[in-house]
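Chains, contacts and geometry: an overview
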Amino acid sequence: MAGGIGSGPGKSARTYAGFGVTLILPAWLVIGIFLVVPIGIMLVYSFLTKEFRGGVIWEFSLAAYDQFFFDRGLFGDDPPKIEWTYILIFWRSIWQAGLATLLSLLIGFPTAWFIATRPASTRTIWLFLITVPYWVNLLIRTISMKFLIRDNGPLNTWLLETGVISEPIHLINTWVAVQLGLFYSYLPFMVLPIYAAVERYNFALSEAAADLYASRFVTLTQIIIPVVKPGIIAGCILVFVPSLGSFLAPDLLGGAKNFMIGSLIDEQFKGAAGNWPFGAAAAMILLSMVLIVLIFYARSQNRQEGA
Amino acid sequence: MMAKKPDLRRFPGFLPLTVLCVFLLYAPLIIVAVYSFNDSPSITLWGGVSLRWYEDVFWGPESDKFKQAAINSFVIAVAAASTATVIATMAATAMLRAGSFRGKGASFALINLPLMVPEIVTAVATLIFFSAIGFTTGILTILIAHIVFCIPFAYLPIAARMEGIEDVYEQAAQDLYATRWEAFRLILLPLMTPGILSGFLLAFIISLDDFIITNFVKGAGVETLPTAIFGAVKQGIKPNIMAISTLLLAVSILFVTLSYFSGRMGQNRK
């Protein structure tokens, strides 16, 4: 073959010109009908009235959003006060997802850097080691974490035996456990995009900086991090977004007291206590937050390309 | 002079952090795999090595439930991954081989939409959709939902592969009076095989692994392996759950390895 990556036909190949619409149509139909339309219907449902056995009555209502933000007392006729319950659940989800992102970045960046600077043969092995957990069932990984950090689980047993602690650390069903679960779940998502960015990094820049007597630290903060920033941002989004809507970590590791958005939404669709319009509204709010993050990301990427 | 310079690629402490990262990723999985061979009904105490919990998974009191769930998972994963692979291959051909057409810009965003919408939102939207049109939930609703989120996972390796194949081969075929269908079937498709295989395998794992969306749209009585495992874990972690988790772990690792090497096989071809 005449060249490597990038020398291919790219977007100019026209072998099947005229068939574009026909070929793309199945993807449009499947994703359109079974994802875009459902999100539209979900938006409609968030403005309907709740039915008591789960489901909805087709009557316009703002009750779901009202319930989310305002407390009108037991009979609904008190003057509205701000309802903090759900706002706090969202707030907790945001900072737990943020902290998971920060922790993943602190360990993911050195890992990505280290792997990208290995010789080609060992690099493949390291990369493979990071990729495998990425594809391992999230449920099983969360269960493994739950097993590991139980009060009488292997972690506590080991720490007790080695004498590091004298009493078991109670982690399970605390926010710390959820935090560990989120960090553990999405850590590979941070490493891979940063790795891709570091792999393209031109080391002549580091040499130039060293020639001009820049210290290692200055080179890192002034040259390397700004250059690989797109990879860092991509990694942060890939960790933050799924952490924000995570269900398994808060449900299996956090118990009933450490709700995140995912558990709140899930609860609205389970059994008679559920509230479909409220669940739909909470899902819409979550989706809007994610869209804001993605739009911010797309704009920063555009600016990068424009610069 | 060059030899005296310190290696600019090295930062102190990055090696230990990398080792820590890999350790953190694998330690819980390895511990569960080890304890799945524990010959003790307690999940805490170590009672020697045995395969009793694997026997329990295959022949124990809950084995029928898990077998049915495994069959459901497998059938859904094969069907969803195959359908998604066909759709993704067509979409990649449109995006990379068909020049420009109406809606091309939006198409890329649409194909990747299932990756951007949080899973719990997709789950809620799909459940509401099937409920609104009066469709009974069951295997078919799970299958439809899986096809949707498998498309981008199948698309990425397929498109990456197609981008690397120059269109001169198809043009040569056409110069020799091959029809476009023949050029596709006899030239492009064989060249694409590693990418298509890689895409299929990734879509297969993603379908096999899905819990949240399946849990919403499965309806009563239908279980896949992850929903069955989740249901069992809610009663507490039992040793048979660790055995079945280890089996599923082995399947995932096997398929990732296959996908990885089929992707590389394509890259190495000259």
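Everything below is about the structure printed above this text.
To keep things clear, this report deals only with the structure shown in the data block. (Residues numbered from 1 in each chain as written. Chains lettered and ligands numbered in written order. Predicted model: local features only at pLDDT ≥ 70, side-chain atom pairs only at ≥ 80, totals over all residues. Heavy atoms only, no water.)

**Considerations on the packing of aromatic side chains**
Residues and elements named next belong to chain A. Applying the stated criterion to the full structure yields 38 aromatic pairs over all chains. The interplanar angle of 90° and the centroid separation of 5.6 Å between the aromatic rings of Phe 114 and Trp 126 together place this pair among those described as edge-to-face. Highlighted residues: Phe 114 in helix H3 (residues 84–116) and Trp 126 in helix H4 (residues 120–135), separated in sequence by 12 residues. The residues Phe 114 and Trp 126 share a single accessibility class, namely buried. (Phe/Tyr/Trp six-rings, centres within 6.5 Å; stacked < 30°, edge-to-face > 60°. Helix = DSSP H or I, 4+ residues; strand = E, 2+ residues; numbered from the N terminus. Buried < 20%, exposed > 50% of the residue type's maximum accessible area, 1.4 Å probe, protein only.)

**Observations concerning a nonpolar patch on the surface**
All names here are of chain A. Taken together, the side chains of Phe 69, Phe 70, Ile 82, Trp 84, Leu 88, Trp 91, Trp 95, Trp 175 and Val 176 define a hydrophobic patch exposed on the protein surface, amounting to about 900 Å² of accessible area. Structurally, Val 176 can be placed in helix H7 (residues 175–199). The class of Val 176 is partly exposed, set by a relative accessible area of 33%. (Patch = residues over 30% accessible without salt bridge, like charges linked within 9 Å, V, L, I, M, F, W, Y side chains within 5 Å. Areas by Shrake-Rupley, 256 points an atom, 1.4 Å probe, with all protein chains shown as cover. Salt bridge = Lys/Arg side-chain N within 4 Å of Asp/Glu carboxyl O.)

**Digging into unusual backbone geometry**
A positive phi angle, close to 65°, is found at A:Asn173, a residue other than glycine. In this fold, A:Asn173 is placed in the loop between helix H6 (154–161) and H7. According to the relative accessible area criterion, A:Asn173 is partly exposed, its value standing at 42%. Positioned with a positive phi, B:Tyr177 is a non-glycine residue whose angle comes to about 70°.

**Structural notes on the interface of chain B and chain A**
Listed by partner, the interface residues are 105 residues for chain B and 95 residues for chain A. Each partner contributes to the roughly 9200 Å² buried at the junction of chain B and chain A, and carbon and sulfur atoms together form 77% of this total. One can count 1 salt bridge joining chain B with chain A. The residue A:Asp251 makes a salt bridge to B:Lys234 at a minimum N-O spacing of 2.6 Å. Residue contributions to the side of chain B that touches chain A peak at 16 residues, all from helix H1 (residues 14–35) of chain B. Grouping the amino acids of the side of chain B that touches chain A by side-chain chemistry returns 73 nonpolar, 16 polar and 16 charged. (Contact = heavy atoms within 4.5 Å. Buried area = accessible area lost by both parts, 1.4 Å probe. Nonpolar A, V, L, I, M, F, W, Y, C, P; charged D, E, K, R; others polar.)

**Remarks on the nonpolar core**
Formed by 184 residues in total, the largest nonpolar core has its most connected members in A:Met42, A:Phe109, A:Trp113, A:Ile265 and B:Ile128. Among all residues touching A:Met42, those that are not within four sequence positions of it are A:Ala280, A:Ala283, A:Met284, B:Val121, B:Val124, B:Ala125 and B:Ile128. (Core = buried A, V, L, I, M, F, W, Y, C linked by side-chain atoms within 4.5 Å.)

Note that all results are geometric; they support no functional claim without further evidence.
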